[in-house]
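# Reading the structure
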Amino acid sequence: MKIMRIGIDLAKTVFQVHGVDAQEKPVCRRQLRRRQLLEFFTNREPCLIGMEACASAHHWARKLQAMGHTVKLIAPQFVKPYVKGNKNDANDAEAICEAVGRPSMRFVPVKTVEQQDLQALHRIRSELIRQRTAKVNQIRGLLGEYGIVVAQHVPALRKALPEILEDAENGLSVSFRTLLDGLRADLVYLDEQIDRLDQDMQHQANTNAQARKLQQLRGIGPITATALVAAIGQNAGLFKRGRDLAAWLGLTPAQHSSGGKDRLLGISKRGDAYLRTLLIHGARAVVRTAAGRSDRLSLWIQNLCNRRNKNVAAVALANKTARLVWALLSRKADYDPAYGLGGCKAT
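Please read these numbers as outputs of a predicted model, since none were measured by experiment.

Turning next to the packing of helix α1 (residues 34–42) against helix α2 (residues 57–66). Relative to each other, α1 and α2 sit at 30 degrees, their axes nearing to 10 Å. Relative to α2, the element α1 lies roughly parallel. Crossing of α1 against α2: the hand is right-handed. The residues of α2 that touch α1, namely those facing Arg 34, Leu 37, Leu 38 and Phe 41, are Trp 60, Lys 63 and Leu 64.

Structure below.
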């Protein structure tokens, strides 16, 4: 029987496959080892394959697409309602096969290797910053036990550490000074690693055409631009409108409506928290510098700040920026600040 649609439950070494024919009858239920997966699909006619968007999903999607198959990735929360009975690999694969056949299902775009490289750069940088913050807090906490208080900012600690180590009158023992010097070396190492990644990110932002285009927008620098390219890239056209991208980033109001009564809450905070944070922080910088400027976007921000809190204005500007990002990535357009309230103009 010809298999029309297949659901794959991914794992590290054992994969579960569930396939149905044109009449939606199950015709294939198999468990495959990792080395058997590509061999299983090599000699099969092209079909629709569904997988959860989880670890290694983009890798397998690219491999299967190269064989001529159509691959769709689904967010795990959209698969869960289709699981029948207890949770196991067979039921999960059947649920994925069912979910991928729904006409209204939302899918996750398959990332290219270049997008995953950019994403890895951001993930590593975020982890190094987290480690540096933890190291700074540890140093400040230990110094506090000896009666030495240092300001919270990282530059303040960088400046204070050499002075503390050289001060022979601060009461620190030789043993603790040795430990503190090791912690200072760890902090220097983390700073060097972060600086190196920042340089790599700046290079990517300068060489990538989409990242250069996004940096035309106020509030978007090299970090935000490369993060958006890694997450969206060539797939901006999958969103029908700019508001869909803003909603995907969690920048639109959550809704709790019933019985014809509409109730809008705060922003939904769905999607990628990292991207949303970058956009909002960039918007805060724009809001802070908008006072006294006379361009149309600054006047819009000033008017909004007069009516609402600055935090609300920053989120509203981040929403607007996300819509502009969609316009720039989905169309052959450059940013034109004189168009509308900061739209874009086709070139």
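So, on to the sheet that holds strand β1 (residues 5–9). One key point about sheets: their strands pair by backbone hydrogen bonds, in either a parallel or an antiparallel sense. Here five strands make up an open sheet; going across it, the order is β3-β2-β1-β4-β5 and the pairing mixed. Bordering the open sheet on either side are β3 (26–33) and β5 (70–74), each of which pairs with just one other strand. Averaged over all adjacent pairs, the angle separating strand axes in this sheet is 20 degrees, with direction ignored. Inspection of the sheet shows strand β2 (residues 14–20) paired to β3 by seven bridges, in the antiparallel sense. Along β3, the bridge assignment pairs Val 17 with Arg 30. Of the strands in this sheet, β1, β2, β3 and β4 (48–52) are in contact with α1, which crosses β3 at around 140 degrees.

Definitions and limits used
Counting of residues starts from 1 at the beginning of each chain's written sequence and follows it residue by residue. Only residues with pLDDT of at least 70 are given local features in this predicted model, and only at 80 or more are side-chain atom pairs given and counted; all residues enter the totals for whole chains, interfaces and linings. To obtain the side-chain values, all non-hydrogen atoms of the structure were included, while hydrogens and water were left out. Every axis in this analysis is a line fitted to C-alpha atoms, fitted for helices over the stretch in contact. Angles between the N-to-C directions lie between 0 and 180 degrees. The helix count covers DSSP runs of H or I at least four residues long, the strand count covers runs of E at least two residues long, and both are numbered beginning at the N terminus. Roughly parallel refers to an angle under 35 degrees, roughly antiparallel to one over 145, roughly perpendicular to one between 65 and 115, and oblique to any angle outside these ranges. By convention the crossing between two helices is left-handed if the near helix lies anticlockwise of the far one by an angle smaller than a right angle, and right-handed if it lies clockwise. Note on contacts: a residue pair qualifies if any of its non-hydrogen atoms lie within 4.5 Å across the two residues. When DSSP locates at least two bridges between a pair of strands, those strands are taken to pair.

In short, shape yes, function no, at least from these values alone.
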